[in-house]
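Residues per chain, in single letters:
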Amino acid sequence: MVIKSLVDLYERLIEQKLVAPPNWDKQKISYVIVLREDGSIKELKDVREKVQRGKKELLVARYMVFPKAVIRTGNVKANFLWDNSTYVFGYNPKDPARASLCFERMRQKHHLVLDNVPDKEAKAILAFFDTWQPCDVDTDPVIRTNKEVLEGPYNFAFCLEGETLSSIADNPLIQKAWQNYLEESSSSSDVVYGTCSVTGKTHQRIAVLHPKIKGIVGADPSGASLVCFNVKSVCSYGHDGEQAVNSSVSEYAVMAYTKALNWLLSQDNHRTTINNVTVVYWSENNNAEYGKAFETYLNQSSQTDEETSNLNDIISGIKRGNAIDFETDSLNPGETFCVLGLGSSGSRASVRFFMKDTFGNIFTNLIKHQMRLTVERPSNVTTIPLWL
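Residues numbered from 1 in each chain as written. Predicted model: local features only at pLDDT ≥ 70, side-chain atom pairs only at ≥ 80, totals over all residues. Heavy atoms only, no water.

Peer 1: Just give me the short version of the pairing of strand β15 (residues 336–344), but keep the residues and values in it.
Peer 2: Across the nine residues that make up β15, a large majority, eight, are buried. Summarising the sheet, strand β12 (residues 277–283) and β15 pair through six bridges and their orientation is antiparallel. Along β15, the bridge assignment pairs V280 with L340. The pairing of β15 with strand β16 (residues 349–358) spans nine bridges and is classified as antiparallel. (Buried < 20%, exposed > 50% of the residue type's maximum accessible area, 1.4 Å probe, protein only. Helix = DSSP H or I, 4+ residues; strand = E, 2+ residues; numbered from the N terminus. Pairing = 2+ DSSP bridges.)

What follows is the structure, given as structure tokens:
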């Protein structure tokens, strides 16, 4: 139930564009190449953002969602939809031969992914790679006047004339083509297929290793694994040494729950700490106001008058069973709400508790718990410590 709830949250985060889709990530993009439908360059658009660093105002690359970067260890490997000038334009005056090879690999990769995509944006990108030659740097009217940009440490991406800067990355046909390419190129006899125990989908690639979770109190700086099998006593019969294949969780579900959990742990309004337990919480629709309301209750021992008033509004609303007025929003007591407690002792993470219920019921139970602990106490002690 814990992992399924986190997978559902991940899919909601994608809808809200708070995390990148599978096999996509935030990349530093400085310039966007605006293409016409015939593949010719209309404009080289500077998308860098101004930031204040001390007394200076600097231009820095913009984070945009594009396919994950390839791992280069001296090899010629091209990224998809974005890269530096050596790969995108085949330009590197220090090593023209290698630059031409980089451009050719870039061209080949885009043809492998986009050849069968019936979309004008895909066709415009392919037209660019089919018509552009590295020597065009000196003759193309747009690039010739911006040649110094190609010599800088910048990444370039593509955009079709008349569309938004992220339209190509947001294109569902291109996203699907990229996913199909990855699945086909990573097929291997070592891959284990089965039914995912989280999503219920059949013929799924089963994950061998689960990524680490970062931000849990007590965990290693590099993170801790929530699911791992490294001793025979916890493996299923006949599956010794197969690691997380024992849990039969698909690669998609593993990627989804780890991304969602790492996102929660990185958000101040979705996490708190109670002694040595890291607690994360979220609503089904990922409305941040529910998290703020829950945090208001947890931190009631150190509140301002305004926060105390907000808490009283929440409690009175729950007791009446009506919509809860919180700050400027109206919260639904029937909204599904999840609270997950995590512990760690180094490289492994453990689930201390998990609650999934309506927001109203969880608050009602917390209020009842406080009432049962009510005792005569000094007048200066107005709340019961959370650890009780």
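Here the narrative resumes.
Peer 1: Break down the packing of aromatic side chains for me, citing the residues and quoting the values.
Peer 2: Tallying each qualifying case throughout the model produces 18 aromatic pairs. Geometrically, the ring pair formed by Y31 and Y154 is edge-to-face, given 5.4 Å between the ring centres and 70° between the ring planes. With Y31 in strand β2 (residues 31–35) and Y154 in the loop between α6 (147–150) and β8 (155–160), this residue pair connects regions lying 123 residues apart in the sequence. Residue classification places Y154 among the partly exposed residues on the basis of a relative accessible area of 22%. An angle of 25° between the planes, with centres 5.7 Å apart, marks the rings of F128 and W132 as stacked. On the basis of relative accessible area, F128 is assigned to the buried category, the value being 1%. (Phe/Tyr/Trp six-rings, centres within 6.5 Å; stacked < 30°, edge-to-face > 60°.)

Peer 1: So what's going on with the environment of T86? Residues and values would help.
Peer 2: Along the chain, the position of T86 falls in helix α2 (residues 85–88). For T86, a relative accessible area of 12% puts it in the buried group. When the C-alpha positions of T86 and L150 are compared, they lie 8.2 Å apart, and in sequence the two are 64 residues distant. Not counting residues within four places of it along the chain, the set of residues in contact with T86 comprises Y91, N92, A99, C102 and F103. A polar contact is formed between the side chain of T86 and the backbone oxygen of Y91, at a distance of 3.5 Å. (Contact = heavy atoms within 4.5 Å. Polar contact = N/O pair within 3.5 Å; in protein donor to acceptor, adjacent residues only side chain to side chain.)

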